[in-house]
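Now for the letters of each chain:
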Amino acid sequence: MALRAGLRNKCGLSGLLSQWFSCSNHGRVCVSPFLVAQQRNNSTSPKIKVDFNQSTGVALMCMQSPPVNSLSLDFLTEFSIAVEKLEMDKTCRGLIVTSSQPKVFSAGLDIMEMYRKSPEHCGEFWKAVQEMWLKLYSSNMVTIAAINGSSPAGGCLMSLACDYRIMADNPRYTIGLNETQLGIVAPFWFKDTMMNTVGHRTTEIALELGLLYKPSDALTVGLVDQLVPEDQVLTTATQTMTKWLAIPDHARQITKSMMRKPTIDKLTSNREADIQNFVSFITKESIQKSLGMYLEMLKKRKG
Ligand code: CO8
């Protein structure tokens, strides 16, 4: 019982996770809290925990990769497999994505996967980033990002790929595509995903300046849809999910596809070229230096 309470607190989800855990006799992908706690202590512990509540048809995906849920190759692979498994189960109609890390939803792409790595590794990594976005952006499920912490760059992309974003109203958190601050350029499909959400002009300013928005500013520009007190992020996501699931699936899915297909097609028809672009860009010495300086800055800021 104490363990279960501990896990709840880890997610900051005040009581709600108990409902998810209570599904363990019915759901396909439910994981015992004991198992999760054990696995967290070894290096092969899952970076994603999925609890599927068969009675509601909603899966809760909790990112649990300390310290900041950075999107490493392993993380991305696990993420995409998890989404695909849920997608294939037609009884799963909704997916809520959240974080078990305090203060952070996701720190975005794992910079170490792009720093001083071989072109082959960078290519494989980028393919996994594309896959994560494609799976989420094109999902037939209703997808809600329960953003309970900062969400820069790839973390913001992940949130933008969902249907609806609910963020904790804590001015210490930020969200945005801050790539230019690292000396790198947000790829066209990052840009398109943001533009589809907040419009051309806001995206232009945000991307050029690499803006990270406080929650209230993110709400103003439409980068997130709703702000709630931190301890209500998941309950609000669950309530919102119920509203979305009241709409007939086929009508909602066709509408979603109509809105998103052109953006998805643009990447799927240019996937290999996009990988080549990324590899040749990221392996440039000047870009590697920028990444190295940014990593140093992160460490110094910590000190
Ligand atoms: N990748 C790898 N390591 C990271 C990352 C990251 N993205 N973010 C943080 N870390 C590390 C830190 O270096 C630190 O390591 P250590 O403990 O060894 O010193 C550890 O995680 C904890 O970090 P903090 O102490 O900074 O944790 P805080 O809780 O204080 O802050 C933040 C959390 C706000 C998330 C903060 O860590 C942060 O701002 N991180 C950087 C976020 C960022 O800028 N991400 C951009 C990644 S690039 C991307 O996603 C898109 C790239 C597109 C490429 C296109 C090219 C063509």
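Each remark here, short or long, concerns the structure printed above.
Report follows, based on the coordinates.

A few points about the sheet that holds strand β8 (residues 226-228)
So, point 1. Read across the open sheet, the six strands follow the order β1-β2-β3-β4-β6-β8; overall the sheet is mixed. Across the chains shown, the open sheet's two edge strands, defined by having one partner strand only, are β1 (48-53) and β8. The average undirected angle you get between the axes of adjacent strands in this sheet is 20 degrees.
So, point 2. As defined by bridge partners, strand β6 (residues 164-168) adjoins β8 across three bridges and the pair is classed as parallel. Residue pairing across strands places I166 opposite Q226, the latter belonging to β8.

Description of the nonpolar core
So, point 1. If you look at the biggest cluster of nonpolar residues, it comprises 83 residues, and the most contacted ones within it are F79 and M158.
So, point 2. Here this core gets 10 residues from one element, more than from any other, and that element is helix α5 (residues 119-137).
So, point 3. The residues contacting M158, other than those within four sequence positions of it, are M63, L71, F75, F79, V97, F105, M132 and L136.

Looking at the packing of α5 against helix α12 (residues 271-282)
So, point 1. Across the interface, α5 lies against α12 with an axial gap of 9 Å and an inter-helix angle of 130 degrees. Taken together, the axes of α5 and α12 lie oblique to each other. Crossing of α5 against α12: the hand is right-handed. In this structure, α5 uses P119, C122, G123, F125, W126, K127, Q130, E131 and L134 to contact α12, whose residues at the interface are R271, D274, I275, F278, V279 and I282.
So, point 2. Residue composition of the contact of α5 with α12, grouped by class: nine nonpolar, two polar and four charged.

Here we look at the pattern of salt bridges
Side-chain pairing between opposite charges can occur once the charged atoms of the two side chains come close.
So, point 1. A full pass over the atoms with the stated rule returns 14 salt bridges.
So, point 2. The salt bridge involving D51 is made with K49; its shortest N-O contact spans 2.9 Å. Comparing D51 with K49, the two get one shared label, buried.
So, point 3. Two residues, D265 and K261, come together in a salt bridge whose shortest N-O distance is 2.7 Å. One end of the pair is D265 and the other is K261, both in helix α11 (residues 249-268) and four residues apart, which spans about a single turn.
So, point 4. Among the charged side chains, a salt-bridge network with shared partners connects E84, E131, K135 and R271.

Criteria and cut-off values
Residues numbered from 1 in each chain as written. Predicted model: local features only at pLDDT ≥ 70, side-chain atom pairs only at ≥ 80, totals over all residues. Heavy atoms only, no water. Pairing = 2+ DSSP bridges. Helix = DSSP H or I, 4+ residues; strand = E, 2+ residues; numbered from the N terminus. Axes fitted to C-alpha atoms, helices over the stretch in contact; angles between N-to-C directions. Core = buried A, V, L, I, M, F, W, Y, C linked by side-chain atoms within 4.5 Å. Buried < 20%, exposed > 50% of the residue type's maximum accessible area, 1.4 Å probe, protein only. Contact = heavy atoms within 4.5 Å. Parallel < 35°, antiparallel > 145°, perpendicular 65-115°, else oblique. Left-handed = near helix turned anticlockwise from the far one by under 90°. Nonpolar A, V, L, I, M, F, W, Y, C, P; charged D, E, K, R; others polar. Salt bridge = Lys/Arg side-chain N within 4 Å of Asp/Glu carboxyl O.

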